[in-house]
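Geometric and topological summary
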Amino acid sequence: NHIKPASLICTYSGHLYPVWDLEIFSKLNLFVTCSKDCTARLWSFDNVYPLRIYCGHQSDVNCVQFHPNG
């Protein structure tokens, strides 16, 4: 059997520094990321640019989570 190597499907561009965390909310096709660049970003799997940027933090945003109720 020959296994094909994984290929890049999509690149999401936005954060200026490393991403520390990612949370997926599959029911709405969304995910959120946070970074050393002091921001969190809301993304849709249907769009390569963030839907919303949460800025104003004074330091790294190191974890993100969707509320259990969505």
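Residues numbered from 1 in each chain as written. Predicted model: local features only at pLDDT ≥ 70, side-chain atom pairs only at ≥ 80, totals over all residues. Heavy atoms only, no water.

The next thing to look at is the nonpolar core. Ranked by size, the top nonpolar core spans nine residues in total: Phe25, Leu30, Val32, Cys34, Ala40, Leu42, Val61, Val64 and Phe66. Secondary structure elements with two or more residues in this core: β2 (30-35) and β3 (40-44). Take this core: its biggest share by element is three residues, from β2. If we ignore the near neighbours within four places in the chain, the residues touching valine 64 are Asp21, Leu22, Glu23, Val32, Thr33, Cys34 and Ala40. (Core = buried A, V, L, I, M, F, W, Y, C linked by side-chain atoms within 4.5 Å. Buried < 20%, exposed > 50% of the residue type's maximum accessible area, 1.4 Å probe, protein only. Helix = DSSP H or I, 4+ residues; strand = E, 2+ residues; numbered from the N terminus. Contact = heavy atoms within 4.5 Å.)

The subject of this paragraph is a nonpolar patch on the surface. On the surface, a cluster of nonpolar side chains totalling about 270 Å² of accessible area is made up of Leu22, Ile24 and Phe45. Here leucine 22 lies in strand β1 (residues 19-25). (Patch = residues over 30% accessible without salt bridge, like charges linked within 9 Å, V, L, I, M, F, W, Y side chains within 5 Å. Areas by Shrake-Rupley, 256 points an atom, 1.4 Å probe, with all protein chains shown as cover. Salt bridge = Lys/Arg side-chain N within 4 Å of Asp/Glu carboxyl O.)

With respect to burial, β2 is a largely interior element, six of its six residues being buried. The two faces of β2 match: Leu30, Val32 and Cys34 on one face and Phe31, Thr33 and Ser35 on the other face are all buried. In this sheet, β2 lies alongside β1 in antiparallel orientation, the contact comprising six bridges. Each residue of the ladder has a partner; that of valine 19, found in β2, is serine 35. (Pairing = 2+ DSSP bridges.)

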